[in-house]
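Each chain is listed here by its residues.
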Amino acid sequence: MEQINNIQVVPCTNSNYLRPFRVHYNQNGTKKSWDFMQTHDSVSVLIFNTTSHCFILVKQFRPAVYMSEWERSKPNPLQPAEEGAADATPTEPKVPQEGQAGDTSKETSSPPNQPPASAGVTYELCAGLVDKPGLSLEEIARQEILEECGFDVPVTKLRKITSYRSGVGVTGSKQTMFYAEVSDENRVGEGGGQPQEGELIEVVKVPLHEAMTFAFDESIPKTMGVIFSFIWFHNNMSPKYKISTNV
């Protein structure tokens, strides 16, 4: 999907998306402490195209997944460099930039043992953060469908599936999942997310008859939301439409 190089890990001292805390408390008379992250809640949407009988997912590079995969292959734990330091040490030997000493090929190369970019690519439901004051969850979900997948879906056509807690050991944030049916007539753009916000998203179609095979294929990196939503569709929508999801 992308070439990933010049990786550098530094402490995160300021973020618009997460804040680390440590809470101290007593539970049944026992003193305890726990580290957690304060993050935004989110919405996700299972999108089904009734014209082509396929699910619409998004595929994108996730740095956290990529670094987790890389760390598994390293003998030593991750050691972040100091943020903003001029001589900060990357997690692996730094690749020379074009024009720098050591740049003889005019091309960047990967450090030893660096995994391919595909190691950090995941298949996901269309989703977004609840970070827009004044908008309902349905309105945020509608906006994400338009930006990421290119379909214009009225808020009234969104069906709430459920809400649940994710990352309960670290964040405890709440995600609300919706279901939306679209057709080719609803498509008004290519999707792909907002490049100005750093998003680089590929829209992916999963044929309905391959959905459950896709969901349980461990060689395909995906979120739990994809698996759960496909099962939900099989139990709730397939009987109604008399559609087989190849279970």
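Cut-offs used in this document
- Residues numbered from 1 in each chain as written.
- Predicted model: local features only at pLDDT ≥ 70, side-chain atom pairs only at ≥ 80, totals over all residues.
- Heavy atoms only, no water.
- UniProt positions renumbered as here; feature names shortened; annotations may be inferred.
- Salt bridge = Lys/Arg side-chain N within 4 Å of Asp/Glu carboxyl O.
- Helix = DSSP H or I, 4+ residues; strand = E, 2+ residues; numbered from the N terminus.
- Buried < 20%, exposed > 50% of the residue type's maximum accessible area, 1.4 Å probe, protein only.
- Pairing = 2+ DSSP bridges.

- You'll find the protein entered in an unreviewed UniProt entry as Uridine diphosphate glucose pyrophosphatase, with Triplophysa rosa given as the organism.
- A UniProt comment under Sequence similarities (unreviewed entry) is attached to the protein, and it reads "Belongs to the Nudix hydrolase family."
- Of the comments in the UniProt record for the protein, the one headed Cofactor (unreviewed entry) reads "Mg(2+)".

1. A word on the pattern of salt bridges
- Taken as a whole and judged by the stated rule, the model has seven salt bridges.
- Glu124 is paired through a salt bridge with Arg62; the nearest N and O atoms lie 2.8 Å apart. Residue Glu124 is found in strand β5 (residues 121–124), and its partner Arg62 is found in the loop between β4 (54–61) and α1 (63–72); the two are separated by 62 residues along the sequence.
- Residue Arg62 is classed as partly exposed on the basis of its relative accessible area, which comes to 34%.
- The network of salt bridges with shared partners includes Asp131, Lys132 and Glu144.

2. As for the pairing of strand β6 (residues 126–129)
- In β6, alternate side chains face the same way, and those of Cys126 and Gly128 are buried while those of Ala127 and Leu129 on the opposite face are not.
- With four bridges joining them, strand β3 (residues 42–49) and β6 adopt antiparallel strand pairing. Bridging across to β6, Val45 finds its partner in Cys126.

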